[in-house]
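# Descriptive structure summary
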Amino acid sequence: MKKKLLATVLSACMVMGVLAGCGNSKAPADTNGTQTADSTSDSGSADTAAEDLKGDEVDITVMVWDRGNAAPNTTTEDNALTQWIQKQMKDLYNINVTYVSVPRSESDDKVNIMMSGGTAPNIVFTYSQDLFYNYASSGALKDLSSLYQQYGSNIQQYCGEAQNGIGDLGDQKFAVMKQRGTENARHTAYIRKDWLDQLGMDVPKTKEELGKYLYAVKDAGLGTPWAMSGRSDTEKMYLNFVGSYVTLTDDKMAYTYAESYMAVAPGAKDGLKQLNEWYNDGLITQDFPTDTDESVFLADVANGKVGFVLDDTTHIWDSTAVLNTTLGAEDASFIPVQCFDLPDGSYRTPFEYRYAMFVMIPEETTNDEQAAACMKYLNWLADPANAVQVRYTPELTYDELGVANEPSTADKEAKGYPGTCDDLCIMNLNFDWVNDYETMSKSQYAAQEQDWASVEWYENYYDVCANGKYRFPIYGYISDEQATYGTDIKNKMLTFVYNCICAPSDQFETVYQKGYDELVNSGLQKILDARAAYYDSVN
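All of these numbers come straight from a predicted model, not from anything done at the bench.

How each quantity is defined
Residues numbered from 1 in each chain as written. Predicted model: local features only at pLDDT ≥ 70, side-chain atom pairs only at ≥ 80, totals over all residues. Heavy atoms only, no water. Helix = DSSP H or I, 4+ residues; strand = E, 2+ residues; numbered from the N terminus. Rg over C-alpha atoms; globule rule 2.2 N^0.38 Å. Areas by Shrake-Rupley, 256 points an atom, 1.4 Å probe, with all protein chains shown as cover. Lys, Arg positive; Asp, Glu negative; His and termini not counted. Charge placed at Lys NZ, Arg CZ, Asp CG, Glu CD. Pairing = 2+ DSSP bridges. Right-handed = clockwise from strand over helix to strand, strands pointing away. Axes fitted to C-alpha atoms, helices over the stretch in contact; angles between N-to-C directions. Domains from an automatic or database assignment. Contact = heavy atoms within 4.5 Å. Buried area = accessible area lost by both parts, 1.4 Å probe. Salt bridge = Lys/Arg side-chain N within 4 Å of Asp/Glu carboxyl O. Polar contact = N/O pair within 3.5 Å; in protein donor to acceptor, adjacent residues only side chain to side chain. Nonpolar A, V, L, I, M, F, W, Y, C, P; charged D, E, K, R; others polar. Phe/Tyr/Trp six-rings, centres within 6.5 Å; stacked < 30°, edge-to-face > 60°. Lys NZ or Arg CZ within 6 Å of the ring centre and 35° of its normal. Expected span 1.5 Å × (residues − 1). Buried < 20%, exposed > 50% of the residue type's maximum accessible area, 1.4 Å probe, protein only. Core = buried A, V, L, I, M, F, W, Y, C linked by side-chain atoms within 4.5 Å. Parallel < 35°, antiparallel > 145°, perpendicular 65-115°, else oblique. Left-handed = near helix turned anticlockwise from the far one by under 90°.

## Brief notes about the overall build of the chain
Scanning the chain from N- to C-terminus turns up 21 helices and 14 strands. Relative to the 2.2 N^0.38 estimate, which gives 24 Å for 539 residues, the radius of gyration of the chain is 25 Å and therefore close to what a compact globule would have. Over its C-alpha atoms, taken along the principal directions, the chain stretches across nearly 75 × 60 × 40 Å. For the chain, the accessible area works out to roughly 21,800 Å², and carbon and sulfur atoms hold 46% of it. Side-chain charges of the chain comprise 41 positive and 79 negative groups, with the mean position of each set lying 2 Å from the other.

Have a look at this one:
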């Protein structure tokens, strides 16, 4: 697809749900109706700009990802955006900021080397909970508890949903968490509305109704009823379906099994058996485990050969756009659907957590004065009035809907801004417009290169994804058992599920039991017991 359509898909990953309130980052409209940013008034909230926060001069170093896309005659560490942030920090807090570049492709490895060698910058970050826990439990990080209370008011106000204990160990806080800009469902099911119409069927609301549709698709010879791929690093193709057979009796059970272990939770076997039956009846792509790069899966979606998919929430949008363009109409094919009813008739749609990165301050390389300066820096970035200028440049403009316009690559290069401004926006992406379904639906529709989806389609997408919104309990703690066996178990879990789905009908019980026993022998039960024990210890 063309670049603009791809940009639309990416922006869609930033638009879901009703989030906690955030400060108004919109600016007044100019004479032609396009809003522009007033950078002179957005240099900080009254709280962060308070004179008592401007102390003695302090030097701090801050990690920044290097993606190799710096503008000509600039570097990742020294460009128009880093210079603008440096000026804000110096003027507001008397803080001198120096950026330290880390290659994005090997970020965690590089941070490990710097942490081990005592050369880490004063602010580092990672998406890895394992890495965070290793640092926090070994004494390698500053305890931020008091600094967070003293200087973290913006983080608490605007990024509070992300600070849910994941950056804590016991009663100590070792990381502040970046707040995502969206509330995203982890996975979403899509069904061919045109095929439903052709078959004279309504949109299914239950797994039973889904099954009737799948068999009808097969009988009518329309194509593959349920398409799957064989990705070896994600449970996305089956997890919501299998999980709908599991009744989570309490938070302890939800934490114990979470998503990584949902396929072996009580009741999940019935879901695997149903998939096995449908597979053997020819309703599911027969050779899906071999499609590890998803090329066949995505091509079949784009070519209109399949009737139902379960995937990462926006992953098939490119392919759907191709199909709808071929069919010659917006909304011509796939629509989102929630039909994975729980045993009690309700729904459970697992959502991404509100946090993104673990933002940490190393103990060895940071003194107390620097730690306080780092918290002021992060607190300033948490204010959406500042964050929006970092994310979209201080020269940002808004459209008529109040949505910030994404600067073009050419414009950023001409003005000396980095190719990925988001890499400096390490605390908050929760801007006003992402909280409004109607606004975002109109914005996405207007941004389309081709009209493959209507405003109403997007609105329906948000409504469907929000039906049964659920987040599993989470803690910053990682048991020794999970650290030892977790990666191996996750890999074997995928193989276990694929084998169960594809087993001959008369061998399902044997394949299931053999695979389950292998998981237990590889450490599964030790992990589950440790998770249950930890939950009891903190509740």
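The discussion continues.
## Notes on the pairing of strand S2 (residues 58-66)
Pairing analysis gives 9 bridges linking S2 to strand S3 (residues 95-103), with the strands arranged parallel. Bridge pairing links Ile 60 to Val 97 in S3. In this fold, the crossover linking S2 to S3 by way of helix H2 (residues 80-93) has right-handed handedness.

## Quick look at the sheet that holds strand S9 (residues 308-312)
Spatial ordering of the open sheet is given by S9-S8-S10, a layout of 3 strands whose pairing is antiparallel. Each having just a single partner strand, S9 and strand S10 (334-337) make up the two edges of the open sheet. Averaged over all adjacent pairs, the angle separating strand axes in this sheet is 35 degrees, with direction ignored.

## Re the domain arrangement of the chain
Annotation of the chain at the domain level lists domain 1 (58-181 + 354-424) and domain 2 (187-350 + 439-538). Placing the centre of domain 1 and that of domain 2 at their C-alpha centroids yields a distance of 34 Å. The partner domain 2 presents 10 residues to the 14 residues of domain 1 that form the contact. Of the roughly 980 Å² buried between domain 1 and domain 2, counting both surfaces, carbon and sulfur atoms make up 61%. Looking only at domain 1, the three residues that lose the most surface to domain 2 are Gln 129, Tyr 133 and Leu 401, adding up to 45% of its buried area. Across the domain 1-domain 2 interface, the total number found is 0 salt bridges. Counting the contacts that link domain 1 with domain 2 gives 3 residue pairs in polar contact (both at pLDDT 80 or more). Elements supplying a minimum of two residues to the side of domain 1 that touches domain 2: helix H4 (129-137) and strand S5 (168-169). Split by residue class, the side of domain 1 that touches domain 2 holds 7 nonpolar, 3 polar and 4 charged.

## Side note on the sheet that holds strand S7 (residues 176-179)
Spatial ordering of the open sheet is given by S4-S12-S7, a layout of 3 strands whose pairing is antiparallel. Sheet topology places strand S4 (124-126) and S7 at the edges, where each strand pairs with a single neighbour. The sheet shows a mean angle of 35 degrees between the axes of neighbouring strands, taken without regard to direction. Taken together, the 3 bridges between S4 and strand S12 (residues 355-360) define a ladder with antiparallel strand orientation. Within the sheet, the bridge partner assigned to Val 124 lies in S12 and is Met 360.

## Notes on the packing of aromatic side chains
Describing an aromatic ring pair means giving the distance of the ring centres and the angle of the ring planes. For the structure shown, the criterion picks out 41 aromatic pairs. Of the aromatic side chains, those joined through ring pairs into one cluster are Tyr 190, Trp 317, Tyr 437, Trp 452, Trp 457, Tyr 458, Tyr 461 and Tyr 462. Cation over ring: Lys 207 sits above Tyr 245, and NZ or CZ is 4.5 Å from the ring centre. Lying across the ring of Tyr 392, Arg 391 places its NZ or CZ 4.4 Å from the centre.

## Digging into helix H8 (residues 207-220)
Within an α-helix, residues lying three or four positions from one another point in the same direction, as the helix has 3.6 residues per turn. In this model H8 runs 20 Å from its N-terminal to its C-terminal C-alpha over 14 residues, within 8% of the 20 Å that 1.5 Å per residue would give. Burial in H8 covers these residues: Lys 207, Leu 210, Gly 211, Tyr 213, Leu 214, Ala 216 and Val 217. Two residues or fewer after H8 comes Gly 221, characterised by a positive phi angle close to 70 degrees.

## Focus on the environment of Asn 69
By the secondary structure assignment, Asn 69 is in the loop between S2 and H2. Among the residues examined, Asn 69 registers a relative accessible area of 30% and is labelled partly exposed. Taking the C-alpha atoms as reference, Asn 69 lies 35 Å from Gly 486; in sequence the two are 417 residues apart. When residues no more than four places from it in sequence are discounted, the contact partners of Asn 69 are Pro 418, Gly 419 and Thr 420. Of the polar contacts made by the side chain of Asn 69, one reaches the side chain of Thr 420; its length is 2.9 Å.

## Re the environment of Tyr 512
Topologically, Tyr 512 is positioned in helix H20 (residues 508-521). What makes Tyr 512 buried here is its relative accessible area of 9%. Taking the C-alpha atoms as reference points, Tyr 512 and Cys 425, 87 residues apart in sequence, are found 46 Å from one another. Ignoring sequence-local partners within four residues, the contact set of Tyr 512 consists of Lys 269, Leu 272, Phe 496 and Cys 500.

## Some details on the nonpolar core
Of all hydrophobic cores here, the largest spans 157 residues; its most connected members are Ile 85, Trp 226, Leu 275, Phe 308, Tyr 377 and Trp 433. No other element matches the 10 residues that helix H14 (residues 368-382) contributes to this core. Structurally, this core is a two-domain feature, drawing no fewer than three residues from each of domain 1 (58-181 + 354-424) and domain 2 (187-350 + 439-538).

## As for the packing of helix H11 (residues 268-280) against H20
Two elements in contact, H11 and H20, have axes separated by 11 Å at closest approach and are oriented at 135 degrees. On the basis of the axis angle, H11 is oblique to H20. The crossing of H11 and H20 is right-handed. Residues Lys 269, Leu 272, Lys 273 and Asn 276 of H11 pack against Phe 508, Glu 509 and Tyr 512 of H20.

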